[in-house]
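# Reading the structure
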Amino acid sequence: IVQEHATNAPYYAFGGAAASGSDQANSLSQAHRDAGFMLYLIFTADEEANFWGNLFPKMFDISDKTNFPPVFGSNHAGFLLTGPLKEDWMKPCPREWTFEERGEKCISFQEAIFGTERLARLEAI
């Protein structure tokens, strides 16, 4: 996947103990803990559509439609970042939608970072 889709993207390697280097009581997403590296794949609308439509289903288990997986690292999340459409996780949230439309119809910034389960746990604290 990386060689095929990320020929010019910045690449950042994580240390070997990223998954176990803490007591897990911090706000790092599971995506961050499980990753061996971080790669920027989304710069344009076409790249975003390719990510959600082609790469995302290969990289994450999306069989449980009530449990969106953690995808993004929180340290590098931009102000317009959202997950895909709530009704179809393989379609990007349209960039031309208003902030309110994106909030209503797309997976939230927080849920895209932490995933459904961890976000619920954080919100319950």
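Everything that follows concerns the structure shown earlier in this document.
First, a word on scope: everything that follows refers to the structure included in this document. Owing to the predicted nature of the structure, the values given are computational and were not obtained by experimental measurement. In this numbering scheme, every chain counts its residues from 1 along its sequence in written order. Under the rules for a predicted model, residues below a pLDDT of 70 receive no local features and side-chain atom pairs below 80 are neither given nor counted, while totals for whole chains, interfaces and linings still include all residues. Note: side-chain values were computed over all heavy atoms of the structure, leaving out hydrogens and water.

### As for the side chain of T82
Each helix is a run of H or I in the DSSP string that is no shorter than four residues. Each strand is a run of E no shorter than two, and both are numbered from the N terminus. Among the structural elements, T82 can be located in the loop between α3 (45–59) and α4 (99–105). Residues adjacent in sequence count toward polar contacts only when both atoms are side-chain atoms; beyond that, a polar contact is any pair of N or O atoms within 3.5 Å, and within protein one must be able to donate a hydrogen and the other to accept it. Reaching out from T82, the side chain makes a polar contact with the side chain of R102 at a distance of 3.5 Å. Two residues form a contact once any of their heavy atoms are found within 4.5 Å. Not counting the four nearest positions on each side in its chain, T82 is found in contact with W52, F72, C93, R102, C106, I107, F109 and A112.

### Details of the pattern of salt bridges
Basic side-chain nitrogens of Lys or Arg form a salt bridge, by our definition, when they fall within 4 Å of a carboxyl oxygen of Asp or Glu. Following the criterion strictly, the structure yields 2 salt bridges and no others. Of the charged contacts in the structure, one is a salt bridge between E48 and R95, with a shortest N-O distance of 2.9 Å. Here E48 is found in helix α3, whereas its partner R95 is found in the loop between α3 and α4, with 47 residues between them in sequence. Burial status follows relative accessibility: with a 1.4 Å probe on protein chains alone, a residue under 20% of its type maximum counts as buried, one over 50% as exposed, and anything between as partly exposed. Residue E48 is classed as buried on the basis of its relative accessible area of 8%. Of the charged contacts, one joins D88 and K91 as a salt bridge, the two residues approaching to 3.7 Å between their closest N and O atoms. By relative accessible area, which is 25% here, D88 ends up partly exposed.

### Observations concerning helix α5 (residues 109–123)
Its 15 residues place the ends of α5 only 14 Å apart at the C-alpha level, less than the 21 Å of an ideal helix rising 1.5 Å per residue. Remark: the principal bend of α5, roughly 105 degrees, maps to G115. Working rule for helices: expected span equals 1.5 Å times residues minus one. Take the seven residues that end at a residue and the seven that start at it, fit an axis to each, and the angle between those axes is the bend at that residue.

### Remarks on the nonpolar core
Grouped together as the largest cluster of nonpolar side chains are 14 residues, with contacts concentrated most on F51, W52, F56, F68, V71, F72 and W89. For this core, the secondary structure elements donating two or more residues are α3 and α5. Setting aside anything within four residues of it in sequence, one finds F68 in contact with W52, F56, P84, W89, I107, E111, A112, G115 and T116. What is meant by a nonpolar core is a set of buried Ala, Val, Leu, Ile, Met, Phe, Trp, Tyr and Cys residues, joined one to another through side-chain atoms within 4.5 Å.

### Section: the state of the cysteines
When two cysteine sulfur atoms are found within 2.5 Å, that pair is recorded as a disulfide. The final tally for this structure, using the stated rule, is 1 disulfide. Across the disulfide, C93 is cross-linked to C106 (sulfur-sulfur distance 2.0 Å). The S-S bond linking C93 to C106 shows a torsion near 80 degrees; that makes this disulfide right-handed. With a gap of 13 residues between them, C93 in the loop between α3 and α4 and C106 in the loop between α4 and α5 connect regions that are remote in the sequence. Like C106, C93 is buried.

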